[in-house]
Amino acid sequence: MSVVEIEFGALASKIGVAIHRATPSVVSSGPKQRAIGEPAKTLEISNSHNTVGSLKRLLRRTFSNPMISEVESQYTYVKFVDANGTISAQVNYLGEQKVFSATQLTAMYLGKLWDTSAKELKTAVSDVVITVPGLYTDIQRRALLDAAQIAGLNVLRLINDTTAVALGYGITKSDLPEAENPRHVTFVDVGHASMSVAVVAFSEGQLIVKSTAYDPHVGGRDIDYALLQHFATDFKEKSKIDVLSNPKAICRLSAGCDRVKNVLSANAEAPLNVESIMNDVDVHSHLTRQEYEEVISDVLSRLEAPLHAALVDFGPTIDQIDTVGLVGGCTRIPAVRQKTQNWSGGKTLSTTLNQDEAAARGATFACAMLSPTFRPEDEDTELTVFPKGNNRPVDQDPHVLPQIRVRGRGYADPSTLPGGINPWIAKFTAKDVQPQPNGDYQIVKVKTRLSANGILSFEQVYTEEIEEREEQPMQVDGAEGEAAQPKKIVKKHEVPFVWGHSGVDASIVPQFREV
Ligand SMILES: Nc1ncnc2c1ncn2[C@@H]1O[C@H](COP(=O)(O)OP(=O)(O)OP(=O)(O)O)[C@@H](O)[C@H]1O
Ligand SMILES: [Mg+2]
């Protein structure tokens, strides 16, 4: 049996350990079958209306979320619809119109990764560790766990991608300093659709994430989009064709823009040739690196805010940062490196982390630590993963009798969550709470737990009865008698409670298994 780790990326997910392979996060439905991963990616142009990508970004969004209508819709031709309050895709599958939720599509995708891993490892895969963005909320984490459950995977742990990257770095270092004088490393991850910056303090046997900052809406696809607009304008003038009016032409040009972007990372100029883009017209153009940087200057300037925010949150100045590590495919772009270097005051940027697989690698170590054959001595190794401290996302209202309810309570500051995601976490009701004997409101204590997966559960609810007793001191012969000491005795009384979260009930998981 083997453990597999999955870095769940917007563009592609990377599977760790034995196979280091990026599998496009795409599901394409067809009249005869469903394609997932690489074969689905190749269908993006010819079957664009039935092909769904960026699953990580769709998971558990609501249909009305502006991030769907204003952002995600720009990058896809599939028809999104609402199904039971969550975003779903309407596609033609086996000759019929079908609706699949993002959770179902993610389950299909994870199932495919699972199969691939098992085939390549030539052994049954039992458990997985999956990376998630640090900004993933309770709802999104539960949806991913649901998708994994539908796919038949056993998730050992959801791990924040910044933490996974830091783990991957720390585990290979044998020269880490003492805890009083930690080494501060900043990891800058610019991926396909999002960017994150984390400042992490490393010392012998310990890793603490000191600060993190995100822009969930900036990455390689914005560069592709800026290039697409640039070339579409060019071809409108030169070839009198309106690429933007034709979905297939847009897909063809987008693929060309992606190639131009890659070539310009290593070369001073790049050609763009797309045959038969539309109306049997072939188009040709080219771009120098300087022109490219002008075309994408808006995107580049958006990288500054997370860099500065992470530093401000960290506190000390940039001089206290020892190393800057680059992660994510877009940190190969010279202008992105230059931006980062300017911010760092000219520090040498480290590219020793594998840009594409840094998080998958870290998750590999997390797997190793979680597997029974490789247990760390101290399981409570400190991993401070919430940037603003562990802000308990729910509180209790002790003033409502005879029941207390925590309804629709969510994150402390929903404005910091990405793209207007539903901040709802759980519904909680404690029953039969009686007033105090003197008629005062009863104080109810609620014990919650934030699991290692970053999801919340309610563990215990109780009231406390405090009794004060006078404790007579022991009399010692001949000594002067001491005054009686008051002693507090706290008796706990359990309060029955019920609570519900957004996850799919285990009893209905089989319904989602095949569709
Ligand atoms: N050599 C290169 N030059 C320019 N861009 C590149 C290069 N290699 C990869 N990229 C871009 O990097 C992006 C993919 O990066 P990565 O694999 O880190 O993203 P992801 O993890 O799937 O996305 P996210 O982190 O946003 O969920 C794509 O936009 C890809 O085109
Ligand atoms: Mg990524």
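Up top is the structure.
Residues numbered from 1 in each chain as written. Chains lettered and ligands numbered in written order. Predicted model: local features only at pLDDT ≥ 70, side-chain atom pairs only at ≥ 80, totals over all residues. Heavy atoms only, no water.

Draft legend 1. Representation of the overall build of the protein within the structure. Within the protein one finds 14 helices and 24 strands. Residues classed as buried in the protein amount to 48% of the 515 residues present. Nonlocal contacts in the protein, meaning residues at least 24 apart in sequence, comprise 63% of its contacts between residues at least 6 apart. Accessible area of the protein: about 24900 Å², with a carbon and sulfur share of 48%. (Helix = DSSP H or I, 4+ residues; strand = E, 2+ residues; numbered from the N terminus. Buried < 20%, exposed > 50% of the residue type's maximum accessible area, 1.4 Å probe, protein only. Contact = heavy atoms within 4.5 Å. Areas by Shrake-Rupley, 256 points an atom, 1.4 Å probe, with all protein chains shown as cover.)

Draft legend 2. Focus on the packing of helix 7 (residues 220-238) against helix 8 (residues 247-266). Put simply, helix 7 and helix 8 touch, their axes get as near as 9 Å, and they point 115 degrees apart. The handedness of the crossing between helix 7 and helix 8 is right-handed. Mapping the contact onto sequence places G220, I223, D224, L227, L228, F231, A232 and F235 in helix 7 and I250, L253, S254, C257, D258 and K261 in helix 8. Across the contact of helix 7 with helix 8, the residue classes tally to nine nonpolar, two polar and three charged. (Axes fitted to C-alpha atoms, helices over the stretch in contact; angles between N-to-C directions. Left-handed = near helix turned anticlockwise from the far one by under 90°. Nonpolar A, V, L, I, M, F, W, Y, C, P; charged D, E, K, R; others polar.)

Draft legend 3. Structural detail: the sheet that holds strand 13 (residues 195-203). Taken together, the five strands give an open sheet; going across it, the order is 14-13-12-17-18, and neighbouring strands pair in mixed fashion. The two strands at the open ends of the sheet, each matched to only one other strand, are strand 14 (206-215) and strand 18 (349-350). Where strand 13 lies against strand 14, nine bridges are found, and the strand directions are antiparallel. Its bridge partner lying in strand 14, F202 is registered against L207. Lying over the sheet, helix 6 (residues 161-170) contacts strand 12 (183-190), strand 13, strand 14 and strand 17 (323-327), oriented at roughly 40 degrees with respect to strand 13. Sitting on the sheet, helix 12 (residues 334-343) touches strand 12, strand 17 and strand 18, and the angle it makes with strand 17 is about 160 degrees. (Pairing = 2+ DSSP bridges.)

Draft legend 4. Structural view of empty space enclosed by the protein. In total, this model carries two cavities of 30 Å³ or more according to the counting rule given. Size it by volume and the largest cavity reaches roughly 40 Å³. The residue makeup of the lining of the largest cavity, split by class, is eight nonpolar, one polar and no charged. Estimates place the volume of the second largest cavity at around 30 Å³. Along the walls of the second largest cavity sit T162, V165, F187, D189, S196, A198 and V327, which together make up its complete lining. The set of elements that each furnish at least two residues to the lining of the second largest cavity consists of helix 6, strand 12 and strand 13. (1 Å grid on protein atoms, 1.4 Å probe; cavity = no way out; pocket = protein on both sides within 12 Å on 5 of 7 lines; lining within 4 Å. Points joined across faces, edges and corners; volume = space filled by probe spheres on them.)

Draft legend 5. Quick look at the nonpolar core. Formed by 48 residues in total, the largest nonpolar core has its most connected members in V243, L253 and I277. Counting residues per element, this core draws most heavily on helix 7, which supplies seven residues. Of the domains in this structure, domain 2 (175-217 + 302-354) and domain 3 (220-299) are the two that each give at least three residues to this core. Apart from residues no more than four positions distant in its own chain, L253 is found in contact with L228, F231, A232, F235, V243, L272, V274 and I277. Membership of the second largest hydrophobic core comes to 39 residues, among which are L55, A107, L113 and V509. (Core = buried A, V, L, I, M, F, W, Y, C linked by side-chain atoms within 4.5 Å. Domains from an automatic or database assignment.)

Draft legend 6. Here's a closer look at the sheet that holds strand 22 (residues 456-471). Pairing is antiparallel across the open sheet formed by three strands, whose spatial order is 21-22-23. Where the open sheet ends on each side, the last strands, each with one partner, are strand 21 (444-450) and strand 23 (485-494). For this sheet, the mean angle separating the axes of adjacent strands, direction not counted, is 35 degrees. With seven bridges connecting them, strand 21 and strand 22 associate as antiparallel partners. Paired with L450 across the bridge in strand 22 is L456.

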